[in-house]
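Summary of structural features
One-letter residues, chain by chain:
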Amino acid sequence: MKKGIYPGSFDPITNGHLDIIHRGSRICDKLIVSVLNNPNKKSLFTVEERVRMIEESVKDYDNVEVDHFSGLLINYAKEQKADAIIKGLRAVSDFEYEFQMALMNKKLAKEVEKVFLMTSNKTSFLSSSLLKEVAKFGGCIEGLLPDRVKEAVYDKLKENEGGR
Ligand code: PNS
């Protein structure tokens, strides 16, 4: 596959995302990891911070680039002349929503294929939201995300607590 796009909120990137990036990079000549800029969704990190953390985490991959986008994913995918949108599927709970989005995106542009990669056993329970909640209430998030990102999560939570 020539060009794939792996979109998401990545607030922040986890080892589950990195697993999909690793496997996506093996089936695409070029993989663009793209952060959705969604002003309506409250996020822990800014888009720039999320892009920087991903860039740092994927710096060893020659064929992975990091970008951000606003608006409809399918329009961005067409602008980028992507062959496919890559998504990770964790469980049955992800399936319904992903299936609905895939069909809508297919209606909007059938030339962009959707490729779903099943998450690995080790990361199938992981989500950025769960991870932030666990960290916020003092649970251990060791080994679930890159160390630098873990530190950034703790710093940001502390910063937010101070601002209250
Ligand atoms: O990491 P997430 O939050 O699960 O990623 C969801 C994302 C960004 C892939 C999805 O919300 C998306 O594609 N948003 C862009 C807006 C859009 O295209 N909406 C119509 C979907 S059919």
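The following refers to the structure shown. (Residues numbered from 1 in each chain as written. Predicted model: local features only at pLDDT ≥ 70, side-chain atom pairs only at ≥ 80, totals over all residues. Heavy atoms only, no water.)

The next subject is a nonpolar patch on the surface. Where nonpolar side chains cluster on the molecular surface, the patch consists of Leu72, Met104 and Leu108 and spans about 290 Å² of accessible area. When you line up the elements, leucine 72 lands in the loop between β3 (64–69) and α3 (73–79). The partly exposed category is assigned to leucine 72, whose relative accessible area is 49%. (Patch = residues over 30% accessible without salt bridge, like charges linked within 9 Å, V, L, I, M, F, W, Y side chains within 5 Å. Areas by Shrake-Rupley, 256 points an atom, 1.4 Å probe, with all protein chains shown as cover. Salt bridge = Lys/Arg side-chain N within 4 Å of Asp/Glu carboxyl O. Helix = DSSP H or I, 4+ residues; strand = E, 2+ residues; numbered from the N terminus. Buried < 20%, exposed > 50% of the residue type's maximum accessible area, 1.4 Å probe, protein only.)

What follows concerns the side chain of threonine 123. Note that threonine 123 resides in the loop between β5 (113–118) and α5 (128–136). Filtering out sequence-adjacent residues up to four positions away, threonine 123 remains in contact with Asn15, Gly16 and Asp19. (Contact = heavy atoms within 4.5 Å.)

Surveying the vicinity of the ligand reveals the residues Pro7, Gly8, Ser9, Leu36, Lys41, Gly71, Leu72, Leu73, Lys87, Met101, Met104 and Asn105. Separating an oxygen atom of the ligand from a side-chain N or O atom of serine 9 is a distance of 2.5 Å. Leucine 73 places a polar main-chain atom, nitrogen or oxygen, 2.9 Å from an oxygen atom of the ligand. Within the complex, 74% of the 550 Å² of free accessible area of the ligand lies under protein. Of all the secondary structure elements, the ones that give two or more residues to the shell around the ligand are β1 (3–8) and α4 (92–108). Of all the elements, α4 adds the most residues to the shell around the ligand, at three residues. Grouping the amino acids of the shell around the ligand by side-chain chemistry returns six nonpolar, four polar and two charged. (Near = heavy atom within 4 Å. Polar contact = N/O pair within 3.5 Å; in protein donor to acceptor, adjacent residues only side chain to side chain. Nonpolar A, V, L, I, M, F, W, Y, C, P; charged D, E, K, R; others polar.)

Mapped onto the secondary structure, lysine 132 falls in helix α5. Apart from the residues lying within four places of it in its own chain, the contact partners of lysine 132 are Asp11, Pro12, Leu44 and Leu157.

Counting buried positions over the seven residues of strand β2 (residues 30–36) gives five, a clear majority of the element. Sheet topology note: the β1/β2 ladder contains six bridges and is parallel. Note on β2: the bridge partner recorded for glycine 4 is leucine 31. In this view, the connection linking β1 to its parallel neighbour β2 by way of helix α1 (residues 15–27) has right-handed handedness. (Pairing = 2+ DSSP bridges. Right-handed = clockwise from strand over helix to strand, strands pointing away.)

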